[in-house]
Amino acid sequence: MGLQMDVLLTHYPRGMPGRLPRARSHGWVITAHLAEVRQNGTMGKGKPPPNAQPTAPDPAAACGKPASTADMERYLEQLAGVSISKGRLPDEELEDLRQLAAAAAGRDTALRVLVAEYLSSAHRVWTELSDHRQAQELQALKDVTSSLIRAIGEATVALTEGYETAHRAAIRGEEATRREFVDDLLEGRTDLGRLAERAEGFGLRLVGRHRVAVARAMKAFGAGDDATRYVEEALTARFGTRDVLITTKDGLLVCVSPGTVTQVPECYAATVRNAVGERCRIAVSQPRPGPSGIVRSYQEACSTLDLATQLGLTHPVVHSSDLLVFQVLGRDRAAITDLVTTVLGGLEGARGGPKALLDTLTAYFASGCRNTTTARRLGLGVRTVTYRLSRIRQLTGHDPSDPDQRYILQTAALGARLLDWPSHPLQPAD
């Protein structure tokens, strides 16, 4: 009884008359229950109060997360104070609840377990209050009940807010760690052995050969946006997290996959098109071994993507192996500029400029050097194609139909596409 009075006097001034008004006696019931908690050490143990209703099984205990006696005790103290004052929970008490929920989130306690523990405690208190209801004091009971419901609701909201805030902070921390790993992986700016260890934490094995595919759309891809999540969920569901890594970098959607899983690039391309529509371009690198190979493959995929855009290629999926000749030519811009100037410079003397003759030459090589197929591709007559080929021979000094001279013309035509000539004038190599 001494413990009960100690708790009670924290809410009642000394010298209060011996018989408490019934409206305030509800606070006595709560504090008496709190005294039981202190005496028995845990919630719900010890001798139950008279006429107490059976309580439901403790959800927290069922989930293997025992309740904290100190936390429950403090919560009951708050309810006891509210039942007496009929006020609101102080802001500092609500903040303490948020901190408590954040700590529970850090221990991986489920939010439903945390909320259920508090609501279960409130339910036990509520059950005891119900034994003291009397008709002549209905309004007083309503006042206490309203105050308790409001306090329980505020406490539940505070717990949820604290838990969700901690959860979002944890997610941001994981995202930052993952972003750092992705940057190190694609830029090769860290120790390769350490990088392989970190990759295991993200479910990615860096052993063997890997290829990289990158996608560019009208709208830049971002981490966590709808399109990125759609592609990631679709590919990890089909291939698993150990065989595919989906991430974003510089507005591109990046897919890293083992070279042995050859289905990934095409599946990735189809999924990206489903996510963003047909207005996207995808480049796929060649497979290369080891973590350093991923860096090279990523750089190759990005350069292939830029090259495909520069050349105006219309196919949505471009493999780097299909553009190797352009990559070779592009490595020595001065040499290819000299080649185009020397071999095709004479076409500038044609009536209307070199474009029509250069388009004819490109179509001629693409059609296997057949005049009829070239004419069909360009929508021209065969005689027109024959005339244009003759003019090319006259202006350049190279005959497209001669196998020995054809290679020089074809290489120069490829270089012209790479330099976007004649739309852009050739810059002399100094």
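1. What to know about the nonpolar core
Stage number 1. In this structure, Leu323, Phe326, Val340, Leu344 and Leu361 are the most contacted members of the largest nonpolar core, which totals 30 residues.
Stage number 2. Contributing elements (two or more residues each) for this core: helix 11 (290–311), helix 12 (324–330), helix 13 (333–344), helix 14 (355–366), helix 16 (382–396) and helix 17 (403–418).
Stage number 3. Residue contacts for leucine 344: discarding those within four places in its chain leaves Leu339, Leu358, Leu361, Thr396, Leu409, Ala412, Ala413, Ala416 and Trp421.
Stage number 4. By size, the runner-up hydrophobic cluster in this structure holds 22 residues, among which are Ala213, Val231, Leu253 and Val317.

2. Some points on the side chain of histidine 398
Stage number 1. Mapped onto the fold, histidine 398 is located in the loop between helix 16 and helix 17.
Stage number 2. Judged by relative accessible area, histidine 398 falls into the buried class, the value being 19%.
Stage number 3. Engagement of the side chain of histidine 398 in a polar contact is seen with the backbone oxygen of threonine 396, the distance being 3.1 Å.
Stage number 4. Ignoring anything within four residues of it in the chain, the contact list for histidine 398 reads Val343, Ile392, Arg393, Gln405, Ile408 and Leu409.

3. Things to note about the packing of helix 14 against helix 16
Stage number 1. The interhelical angle for the contact between helix 14 and helix 16, taken along N-to-C directions, is 110 degrees, at an axis separation of 10 Å. Relative to helix 16, helix 14 is oriented roughly perpendicular. Two secondary-structure elements touch here, helix 14 through Ala356, Leu357, Thr360, Leu361 and Tyr364 and helix 16 through Val385, Arg388, Leu389, Arg391, Ile392 and Leu395.

4. Observations concerning helix 15 (residues 371–378)
Stage number 1. Where helix 15 is concerned, the buried positions are Thr373, Thr374 and Ala375.
Stage number 2. Those residues of helix 15 that are buried lie in contact with helix 14 and helix 16.
Stage number 3. Positive phi shows up at glycine 379, right after helix 15, with a value of about 70 degrees.

Conventions adopted
- Residues numbered from 1 in each chain as written.
- Predicted model: local features only at pLDDT ≥ 70, side-chain atom pairs only at ≥ 80, totals over all residues.
- Heavy atoms only, no water.
- Core = buried A, V, L, I, M, F, W, Y, C linked by side-chain atoms within 4.5 Å.
- Buried < 20%, exposed > 50% of the residue type's maximum accessible area, 1.4 Å probe, protein only.
- Helix = DSSP H or I, 4+ residues; strand = E, 2+ residues; numbered from the N terminus.
- Contact = heavy atoms within 4.5 Å.
- Polar contact = N/O pair within 3.5 Å; in protein donor to acceptor, adjacent residues only side chain to side chain.
- Axes fitted to C-alpha atoms, helices over the stretch in contact; angles between N-to-C directions.
- Parallel < 35°, antiparallel > 145°, perpendicular 65-115°, else oblique.

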